[in-house]
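Notes for the structure review
Each chain, letter by letter, is given below.
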Amino acid sequence: MNDRGKTLEALRLRAVEQVNSGAHPEQVAEGLGLHRKTVYGWLAKYRDGGRGALLAKPVPVRQPPMGLRPGMIGACRDTA
């Protein structure tokens, strides 16, 4: 997990926390420099899945195309 994912996670949690404390979602969005639809989307996720729905998820690592193995690209380049 990179720092960006954790930072975005903290932003999501902060936005939902502010709304739960009585702030209007559009005010929260403006205060955090976000579009209102972003905050409303996070609120919907929170409503459906709780806090866990707002947590950052690991990004899967992209696998090399089938047939290519690490080191093969360099070997192909050397023969060209």
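Presented here is an overview of the structure given in this document. Predicted, not measured: the structure shown is a model, and the values here were computed from it.

Some remarks on the nonpolar core
By size, the foremost hydrophobic cluster in this structure holds 11 residues: Leu-11, Leu-13, Ala-15, Val-16, Val-19, Val-28, Ala-29, Val-39, Trp-42, Leu-43 and Leu-54. The set of elements that each furnish at least two residues to this core consists of helix H1 (3-20), helix H2 (25-32) and helix H3 (36-49). Residues within four places of Val-28 in sequence aside, it is in contact with Ala-15, Gln-18, Val-19 and Ala-23.

Focus: the side chain of Glu-9
Positionally, Glu-9 belongs in helix H1. If we skip the residues at most four places from it in the chain, Glu-9 touches Leu-54, Leu-55 and Ala-56.

What about H3?
Taking 1.5 Å of rise per residue, 14 residues should cover 20 Å, and H3 covers 20 Å from first to last C-alpha, within 8% of that figure. Where H3 is concerned, the buried positions are Val-39, Trp-42 and Leu-43. Seen along its axis, H3 keeps its buried residues to an arc of 100°; they face one direction. Opposite the buried face of H3, at more than 90 degrees from it, the exposed residues are Lys-37 and Asp-48.

Scoring rules and cut-offs
- Residues numbered from 1 in each chain as written.
- Predicted model: local features only at pLDDT ≥ 70, side-chain atom pairs only at ≥ 80, totals over all residues.
- Heavy atoms only, no water.
- Core = buried A, V, L, I, M, F, W, Y, C linked by side-chain atoms within 4.5 Å.
- Buried < 20%, exposed > 50% of the residue type's maximum accessible area, 1.4 Å probe, protein only.
- Helix = DSSP H or I, 4+ residues; strand = E, 2+ residues; numbered from the N terminus.
- Contact = heavy atoms within 4.5 Å.
- Expected span 1.5 Å × (residues − 1).
- Arc of directions from axis to C-beta.

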